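Listed below, chain by chain, are the residues.
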Amino acid sequence: MNNKNSSMPTKKEKMNKKTLLRVIKTAFVVNKPLFVFAVIFIILNASCNITGPLFIQRFIDDIINPSLSIGSGMTEAIKGQIINYALIMGSLFLFGVICNWLYRYFIVLLTQGMLHKLRVDMFSHMEKLPISFFDTHHHGDIMSFYTNDADTLRMLASEALPMVLVSFVSVIAGFITMAMYSIYLLLVVILFSVIMILFAKFSAMRSAKAFMTQQTVMGEVEGFVEEMMSGQKVVKVFNHEKQTIDDFDKLNDEYYKLNLTGNIFGNILMPIIQNIGLILFITVAFVGGCIVAFGPTYNITLTGFSTLTIGTVVSFMLLSRQFTNAISQASSQLSMIVMGSAGASRVFMLLDQDVEVDNGNVTLVNCTIDDDGTIHEVPYRTGYWAWKQPANDKYPLTYRRLRGDIRFFNVDFGYTPNKIVLHDVSLYAKPGQKIAFVGATGAGKTTITNLINRFYDIADGKIRYDDININTIKKADLRRSLGIVLQDTNLFTGTIMDNIRYGRMDASDEDCIEAAKLANAHDFIMMMPEGYKTLINGDGGSLSQGQKQLISIARAACCNAPVVILDEATSSIDTRTEALVQKGIDKLMEGRTVFVIAHRLSTVQNADAIMVLDHGKVIERGTHDDLIKQKGVYYQLYTGAFELE
Ligand SMILES: Nc1ncnc2c1ncn2[C@@H]1O[C@H](COP(=O)(O)OP(=O)(O)O)[C@@H](O)[C@H]1O
Ligand SMILES: [Mg+2]
């Protein structure tokens, strides 16, 4: 059953400060001027909000109150002042709006640029990861780095963090201004704020926790549906529909409950905090009114005793409202920040994975060879290749002809350190030889080929390629010298021609067709509606398993490499076609070193050496005739079952 997040780092429900800082740093690095501008406009925007209440105070104390107490009504001077105030307030308001609009615009540019870069970084980093990474991580998990996690990261950077900065500036500015008005009133505000913050923290953590578990379960739901869709035929054949529906119901219930909890805490947070804000508003009005009534001695400010006016109280009320709004806004982002930093830490986890190490410095170069055997490196394709060993302390620069001689000396290997899969394997393949591996499923045949192309590195022993330590060869060059048909056929979306050319990107159409003919794929391709131009999709859905294998053989033939590895390349092909393909392969193999993992023993009878593997050990080796004479395991397989199944 799908268990999506089993291998993921545990999602901490706590905010990870390091991750948050790294998100900010990443955004900063993407576009420094844009980042600085965004921050400046955020601060300007938040500061503009504070000026509103300040003007109200002046307005009440300088205009309304005097005109009321004098009873003279509106004089011309006062009218002029009103217009002045209105103009100033209007301009400040407009300025605030423009700052707001600008910072949002900058933030969008910044975060989208950051995500664009992150996706490129993630993908190019992923391409450099060793095969073992993909063994140990579920594909669904890796997919979600690009979708869910990238999206929570976007919300974190584009909404939550800017909002928190706005709130932070408002809170600081509001705090100072209020302290200038009245310390007593400020104490009231602080008391209420503490209650609000405690409550917000409690419910935000609850909802973040539920939402994050919910994401894991959502992954499971997705995985389940996906698995049941691809396994629909098996479900029907074994009458498992009812069971499947029950299983789905269970998952769905869990998903529902978590969703409910998350949303309940998320949804009641704002209203409750707003209500606390309202109570504060009234309390400030009451306490403020009392102080005004009892006189100036009852009012302490940051700068000493001072009179509290009606205007100050009104202004204070507005400020306290902004203050609590800022706090509630910041708290509404709390769960987003927790979730976003979890998503971000997963994205960073991918980016921090160790890439496939390649210490190799031996490269593969085109060359020409003189009659006396001297090798000259040339920049164009000659059909001859040489290993170029750069000069070092001990040896000068040397060229060595690529011959395709591969030897294993006492190789031990395990995918995990505690489970050894290959024990003391020694073998040699001289240039042009055909070496076959036979043995039961799980004996270690594919594993041997995984070591030749260095998908994995050996634990002990030596592998030599043309007498060069395979670890010193640059991986890309090593793999370029190998034509490989993997056990699992994988085609890519594109035309059949594209898929064959994947073997060697500079192959001409004629080369590709030639390769297809070798692989005996030409005939069936010509029967397709658009021949070589027929589009196939990623999983090659419209082709039979055997046809897919033929295309992947053609792809390997196309790369024209001196060493060929065929891992059960013809396992899904009927016997008659196989005989034809075999002929093609034999033609392809002429003059090449070939490792072939055989499904049917009939196809390996002409091998120069047959290795019989059992539980990771070579138990018999020799030609077909030798092995038959030995009357060992091979003999039994050959005479008994005939096929290794
Ligand atoms: N990626 C992997 N991670 C861990 N163990 C693996 C992996 N691939 C194969 N194995 C194990 O290694 C052993 C040999 O597998 P393999 O070489 O694929 O066998 P064969 O190709 O002969 O059928 C098996 O026991 C298998 O379970
Ligand atoms: Mg295998």
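Residues numbered from 1 in each chain as written. Chains lettered and ligands numbered in written order. Predicted model: local features only at pLDDT ≥ 70, side-chain atom pairs only at ≥ 80, totals over all residues.

### Side note on the overall build of the protein
What the protein contains, in helices and strands, is 19 helices and 18 strands. Taking 645 residues into account, the globule formula puts the C-alpha radius of gyration at 26 Å, and the protein, at 37 Å, lies well above it. Seen through its C-alpha atoms, the protein measures out along the principal axes to roughly 125 × 65 × 50 Å. The burial tally for the protein puts 35% of its 645 residues in the buried class. Considering only contacts in the protein between residues 6 or more positions apart, those separated by 24 or more positions represent 77%. (Helix = DSSP H or I, 4+ residues; strand = E, 2+ residues; numbered from the N terminus. Rg over C-alpha atoms; globule rule 2.2 N^0.38 Å. Buried ≥ 20, exposed ≤ 12 C-beta atoms within 10 Å, placed from the backbone. Contact = placed C-beta atoms within 7 Å.)

### Focus on the nonpolar core
Formed by 79 residues in total, the largest nonpolar core has its most connected members in Ala 436, Ala 519, Ile 553, Ala 554 and Ile 610. Here this core gets 7 residues from one element, more than from any other, and that element is helix H16 (residues 545-558). Viewed by domain, this core spans two of them, domain 2 (363-401) and domain 3 (406-641), each represented by three or more residues. Setting aside chain neighbours within four positions, we find Ala 436 in contact with Val 596, Ala 598, Val 604, Ala 607, Ile 610 and Met 611. Listed in part, the 66 residues of the second largest apolar core include Leu 118, Leu 258, Phe 265 and Leu 319. (Core = buried A, V, L, I, M, F, W, Y, C linked by C-beta atoms within 7 Å. Domains from an automatic or database assignment.)

### Section: the pairing of strand S15 (residues 563-567)
Counting buried positions along S15 gives 5 out of 5 residues, so the element sits mostly inside the fold. Residue alternation in S15 divides its side chains into two sets, Val 563, Ile 565 and Asp 567 and Val 564 and Leu 566, and both sets are buried. Two elements, strand S12 (residues 482-485) and S15, share 4 bridges in a ladder whose sense is parallel. In the sheet register, Val 485 faces S15, and the bridge partner there is Leu 566. Of the pairings in the sheet, the one linking S15 to strand S16 (residues 593-597) comprises 5 bridges and is parallel in character. Bridged to Asp 567 within S16 is Ile 597. (Pairing = 2+ DSSP bridges.)

### Focus: the sheet that holds strand S18 (residues 617-622)
Taken together, 6 strands build an open sheet; the order of strands is S12-S15-S16-S9-S17-S18 and the sheet is mixed. Here the strands that pair on one side only, and so sit at the sheet edges, are S12 and S18. Strand-to-strand, the axes of this sheet are offset by a mean angle of 15°, without reference to chain direction. The sheet strands contacting helix H11 (residues 445-452) are strand S9 (434-439), S12, S15, S16 and strand S17 (609-614), and the helix crosses S15 at an angle near 150°. (Axes fitted to C-alpha atoms, helices over the stretch in contact; angles between N-to-C directions.)

### Some points on the site of ligand 1
Taken together, Asp 135, Tyr 415, Val 421, Gly 439, Thr 441, Gly 442, Ala 443, Gly 444, Lys 445, Thr 446 and Thr 447 are the residues near ligand 1. Among the elements that make up the shell around ligand 1, the one with the highest residue count is H11 (3 residues). Of the residues contributing to the shell around ligand 1, the split by class is 3 nonpolar, 6 polar and 2 charged. (Near = placed C-beta within 6 Å. Nonpolar A, V, L, I, M, F, W, Y, C, P; charged D, E, K, R; others polar.)

### Describing helix H17 (residues 575-589)
Across its 15 residues, H17 extends 20 Å between first and last C-alpha, which sits within 8% of the 21 Å expected from 1.5 Å per residue. Buried residues along H17 sit in contact with S9, helix H14 (509-518), H16, S15 and S16. Just downstream of H17, Gly 591 is the residue with a positive phi angle, here 70°. (Expected span 1.5 Å × (residues − 1).)

### Points about helix H1 (residues 17-30)
Because each turn of an α-helix spans 3.6 residues, side chains separated by three or four positions end up pointing in the same direction. A rise of 1.5 Å per residue sets the reference length of H1, with its 14 residues, at 20 Å; its end C-alpha atoms lie 20 Å apart and thus fit the reference within 8%. Within the span of H1, buried status applies to Thr 19, Leu 20, Val 23, Thr 26 and Ala 27. Each buried residue of H1 lies within a common arc of 120° when the element is viewed along its axis, so the set occupies one face. Counted as exposed and oriented over 90 degrees from the buried face of H1: Lys 17, Lys 18, Leu 21, Lys 25 and Val 29. (Arc of directions from axis to C-beta.)

### Points about the environment of His 615
With respect to the helices and strands, His 615 occurs in the loop between S17 and S18. When the C-alpha positions of His 615 and Leu 422 are compared, they lie 7.5 Å apart, and in sequence the two are 193 residues distant.

### Let's talk about the sheet that holds strand S7 (residues 406-413)
Hydrogen bonds between backbone groups are what pair the strands of a sheet, and the pairing can be parallel or antiparallel. One open sheet holds the 4 strands; their spatial order is S8-S7-S10-S11, and the pairing between them is antiparallel. Bordering the open sheet on either side are strand S8 (422-429) and strand S11 (468-469), each of which pairs with just one other strand. As judged from the 5 bridges shared by S7 and strand S10 (residues 460-465), these two strands associate in the antiparallel manner. Within S10, the residue paired with Asp 412 across the bridge is Asp 460.

### Focus: the domain arrangement of the protein
Annotation of the protein at the domain level lists domain 1 (17-352), domain 2 (363-401) and domain 3 (406-641). Each of domain 1 and domain 2 was reduced to a C-alpha centroid, and the two centroids are 64 Å apart.

### Brief notes about unusual backbone geometry
The phi torsion at Arg 454 lies on the positive side, around 60°, for a residue other than glycine. Relative to the helices and strands, Arg 454 resides in the loop between H11 and S10. According to the C-beta neighbour criterion, Arg 454 is buried, with 21 such atoms within 10 Å. Positive phi outside glycine occurs at Asp 467, with the angle close to 70°. Overall, the presence of 10 C-beta atoms within 10 Å leaves Asp 467 in the exposed class.

### Details of the environment of His 599
Along the chain, His 599 falls in the loop between S16 and S17. His 599 gets classed as buried once you count the C-beta atoms within 10 Å, which come to 21. The spatial distance from the C-alpha of His 599 to the C-alpha of Lys 250 is 42 Å, given a sequence separation of 349 residues.

### What to know about the packing of H16 against H17
It is the contact of H16 with H17, at a shortest axis distance of 11 Å, that shows an interaxial angle of 10°. One way to sum up the angle between H16 and H17 is to call them roughly parallel. Facing H16, whose interface residues are Gly 546, Leu 550, Ile 553 and Ala 557, H17 presents Thr 577, Val 581, Ile 585 and Leu 588. (Parallel < 35°, antiparallel > 145°, perpendicular 65-115°, else oblique.)

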